[in-house]
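Here is how the chains run, residue by residue.
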Amino acid sequence: MTDIKSRRASIVSIGILAVLVLTKILLSPLGILDDLWNYNIARGIASGYTPYVDINFPHTPFFFLVFSWPLLIKRTFFVYRLTSAAILFFTSFMIRRVVSADSGRRWGTILAFLTVVFTDIVTYNGMVFLTAILIWDLLRSDLNKRRAFCFGVLCALSILSRQTTGTVLAAASFIMVISDKAKRKHAWFVFGGGVFVMILFASYLLVTGSFAAFWDYCFFSLITFGGDNGMFLPSAVLFLLMSAAGIVSDIVLIRKHDKKYLYHLVLGICLFTIGLPIMDMMHLLYSGLWFLFPVIKMISDANKDRIGDNILRLIAAIIAAQIIVTAVLGLGGTVFDNEHEELKFVPIPSDILHDDLEINRICNTYRDEGKNVTVLSSGEVIFSLINGEFHYPFDMFLNGNVGTTPPLSYIEQICDDTDSVIVIPENYMEENRQNPEGVFDYVDSHMVPVERYGIYIWYEHP
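Residues numbered from 1 in each chain as written. Predicted model: local features only at pLDDT ≥ 70, side-chain atom pairs only at ≥ 80, totals over all residues. Heavy atoms only, no water.

Caption draft 1: Here's a closer look at the side chain of Ser173. Among the secondary structure elements, Ser173 is positioned in helix H8 (residues 163–179). Judged by its relative accessible area of 0%, Ser173 falls in the buried class. Apart from the residues within four sequence positions on either side, Ser173 is in contact with Ile135, Phe151, Cys155 and Leu267. (Helix = DSSP H or I, 4+ residues; strand = E, 2+ residues; numbered from the N terminus. Buried < 20%, exposed > 50% of the residue type's maximum accessible area, 1.4 Å probe, protein only. Contact = heavy atoms within 4.5 Å.)

Caption draft 2: Spotlight on the layout of surface pockets. Counted as a void, the second largest pocket has a volume near 390 Å³. In terms of lining residues, the second largest pocket is bounded by 23 residues, among which Leu33, Ile352, Asp356, Gly379 and Ile382 are the most central. The set of elements that each furnish at least two residues to the lining of the second largest pocket consists of helix H2 (33–46), helix H17 (350–368) and helix H18 (380–387). (1 Å grid on protein atoms, 1.4 Å probe; cavity = no way out; pocket = protein on both sides within 12 Å on 5 of 7 lines; lining within 4 Å. Points joined across faces, edges and corners; volume = space filled by probe spheres on them.)

Caption draft 3: Representation of the pattern of salt bridges within the structure. By the definition in use, this model includes 14 salt bridges. Among the charged side chains, a salt-bridge network with shared partners connects Arg43, Arg75 and Glu342. (Salt bridge = Lys/Arg side-chain N within 4 Å of Asp/Glu carboxyl O.)

Caption draft 4: Quick peek at helix H16 (residues 309–329). In this model, H16 (21 residues) spans 30 Å end to end at C-alpha, consistent with the 30 Å of a helix rising 1.5 Å per residue. For H16, every residue scored as buried is listed here: Leu312, Ala316, Ile319, Ala320, Ile323 and Ala327. Relative to the axis of H16, the buried residues are bounded by an arc of 90° and lie together on one face. The exposed set on the far side of H16, more than 90 degrees from its buried face, consists of Asn310, Leu314, Ile318 and Leu329. (Expected span 1.5 Å × (residues − 1). Arc of directions from axis to C-beta.)

Caption draft 5: Inspection of the pairing of strand E8 (residues 456–460) at higher detail. Extensive coverage of E8 is indicated by the burial of 5 of its 5 residues. What you see with E8 is no split at all: Tyr456, Trp458 and Glu460 on one side and Ile457 and Tyr459 on the other are buried throughout. In terms of strand pairing, strand E6 (residues 420–425) meets E8 through 5 bridges, oriented antiparallel. Opposite Val421, over in E8, you have Glu460 as the bridge partner. Sheet topology places strand E7 (residues 448–453) next to E8; 5 bridges connect them, and they run antiparallel. Paired with Tyr453 across the strands is Tyr456, a residue of E8. Between E7 and E8, which pair antiparallel one after the other, the connecting turn spans 2 residues, and Gly454 there sits at a positive phi close to 60°. (Pairing = 2+ DSSP bridges.)

Caption draft 6: Up close: the packing of aromatic side chains. As enumerated under the stated definition, the model contains 35 aromatic pairs in all. On the basis of an interplanar angle of 80° and a centroid distance of 5.2 Å, the ring pair of Phe118 and Phe239 is categorised as edge-to-face. Taken together, the residues span a long stretch of sequence, with Phe118 in helix H5 (residues 105–118) and Phe239 in helix H12 (residues 237–255) at a distance of 121 residues. Looking at Phe118, the relative accessible area reads 18%, which means it is buried. Phe239 gets classed as buried once you look at its relative accessible area, which sits at 2%. In this arrangement the basic side chain of Arg140 is found over the ring face of Trp136, its NZ or CZ atom lying 4.5 Å from the centre. (Phe/Tyr/Trp six-rings, centres within 6.5 Å; stacked < 30°, edge-to-face > 60°. Lys NZ or Arg CZ within 6 Å of the ring centre and 35° of its normal.)

Caption draft 7: A look at the pairing of E6. Burial analysis of E6 places 6 of its 6 residues in the buried class, the great majority of the element. Along E6, one buried face is formed by Ser420, Ile422 and Ile424 and the opposite face, lined by Val421, Val423 and Pro425, is buried too. Where strand E5 (residues 372–375) meets E6, 4 bridges bridge the pair, whose relative direction is parallel. Its bridge partner lying in E6, Thr374 is registered against Ile422.

Caption draft 8: Representation of the sheet that holds E8. In space, the 4 strands of this open sheet follow the order E5-E6-E8-E7, with mixed pairing throughout. The open sheet has two edge strands with one neighbour each: E5 and E7. This sheet shows a mean twist of 25° between the axes of neighbouring strands, independent of strand direction. Packing of H17 onto the sheet brings it into contact with E5, E6, E7 and E8, and relative to E7 it is tilted by some 145°. (Axes fitted to C-alpha atoms, helices over the stretch in contact; angles between N-to-C directions.)

The quantities given are spatial measurements derived from coordinates; they are silent on function.
Have a look at this one:
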């Protein structure tokens, strides 16, 4: 009878988790540029564009390939968000599973809910995080041939999700396997699973003619621009503290001869590299959540008789209520755009929509005159979505996102076109710190301003 009640309680908490994920993702107002850029890459792949040859981005492609598949059915931002919700739900579910195994089901549910609180959008970093959870779940148990092969596949997929952190994570995972006497005998199956995926990926690059371009975007561009991309924001502090507390807790548990937390510590240090060189909430979120696992284990072990089930239920209920209330209140000042197909069913801040539509209307008047209009702004992607078009590389025209090609060479080319019209905000360098230097000055010195709307200026060929 107790087992039946426990299963029912688990089904209820998992159902609530699904509702919370859908509420958080589907009611989130449009506006986070990383979300728009990621969708734009996925929609391009779904529309037949070849990564690296036709679409410029400096990331390995697993995340974008996964998100492009549902868009083959319906190319809308709403479908993309449904996919995001599915990935976030699976990630939260796995967190609940691994934490519940060590600290109890209610603690697992609380941390799963907290994952939803902190996750604003699903990104390729989240995909690495998910592979790390699955890898740790396998490391905690005995390996057999099938599990070892899956382990190798996950290591390869972590690399194909984010080449820097994924490579470190895969290497550390393989070293942990060969360092464990019981797991070492399956090392060849781990290696085989990883090689299998990488052979498939290399074949894909060769077949699509993108092998050389892949290395230009995903390796050489990182060497060229990666070191200039460092940043620290105050939003990182909380997650740095969470990571520090987790590292201490891991060490305490390891000293108690709990070997699986040695694996946890190593994988967590790998996940911390997601926050390099950009330390902010979006990048340090994953190591922060990861290092809460041992913290909760320590709290659970020390307070088994002090923190009752009712208190834990109340904590979970408060977190769930916070997610729903925050999501609903966030809809204030938003509208739904039923005119543009790709943006249907997505809440959009009304002031942003009004300005973007007006800017797009002005641009279209020049296009109607036969002009070639190029928008140089980190928000250019929204105009591509409004028009149902693609404007690579200008949809994400940032340092490092165009491979090793000097960004200014693109500007020189369009400025030489007598039919060119360039739209650029006057605060171009302040708009986004990754906007290439020298672009605004070059446009301003080689073109003539002819129109203005807000901070946007239209330039024509003299």
